[in-house]
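# Summary of structural features
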Amino acid sequence: MFGSKNNDRFETVYSQGTVNTRQILVDKKTGVNYLFTCSGNAGGLTPLLDEDGKPVITPMYYKE
């Protein structure tokens with residue numbers, strides 16, 4: 001669903017399903033994790049939060 005190129009800002013680190021999909025995306029610049037869900041023509045995107053309500057951040061080291 002989401003192509004992956006070296007210059008893409010987001011990386012898909014987890015994907016499940018074909019019609020009803022769930023994906024975890026990581027922003028390569030900030031490391032923030034997002035949950036993307038899609039069912040038919042509807043979809044949604046939200047940041048993943050930890051137990052304290054703060055965004056889940058994956059430490060990433062990318063060269064600009």
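Placed above this text is the structure.
What this report covers is the structure whose coordinates are included nearby. Please read all numbers here as calculations on a predicted model, not as lab measurements.

## Focus on the overall build of the protein chain
Within the protein chain, the secondary structure is distributed over zero helices and four strands. Along the protein chain, from the amino end to the carboxyl end, the secondary structure elements read β-β-β-β. Taking the intrachain contacts of the protein chain between residues at least 6 apart in sequence as the baseline, contacts between residues at least 24 apart amount to 21%. Of the roughly 5000 Å² of accessible surface on the protein chain, 53% is carried by carbon and sulfur atoms.

## Here's the deal with the packing of aromatic side chains
Following the criterion strictly, the structure yields one aromatic pair and no others. When the ring of Phe10 is compared with that of Tyr34, the centres are 6.1 Å apart and the planes differ by 75°; the resulting orientation is edge-to-face. Separated by 24 residues along the polypeptide, Phe10 in strand 1 (residues 10-16) and Tyr34 in strand 3 (residues 33-39) bring together distant segments of the chain. Classification of Phe10 as partly exposed rests on a relative accessible area of 39%.

## A closer look at the sheet that holds strand 1
The antiparallel open sheet is built from four strands, whose spatial order is 1-2-3-4. The open sheet terminates on both sides in strands that have one partner only, identified here as strand 1 and strand 4 (42-47). On average, each strand axis in the sheet is tilted by 20° relative to the strand beside it, whichever way the strands run. One ladder, built from six bridges, connects strand 3 with strand 4; its direction is antiparallel. When the bridges of strand 4 are listed, Leu35 appears paired with Thr46.

Conventions and cut-offs
Residues numbered from 1 in each chain as written. Predicted model: local features only at pLDDT ≥ 70, side-chain atom pairs only at ≥ 80, totals over all residues. Heavy atoms only, no water. Helix = DSSP H or I, 4+ residues; strand = E, 2+ residues; numbered from the N terminus. Contact = heavy atoms within 4.5 Å. Areas by Shrake-Rupley, 256 points an atom, 1.4 Å probe, with all protein chains shown as cover. Phe/Tyr/Trp six-rings, centres within 6.5 Å; stacked < 30°, edge-to-face > 60°. Buried < 20%, exposed > 50% of the residue type's maximum accessible area, 1.4 Å probe, protein only. Pairing = 2+ DSSP bridges. Axes fitted to C-alpha atoms, helices over the stretch in contact; angles between N-to-C directions.

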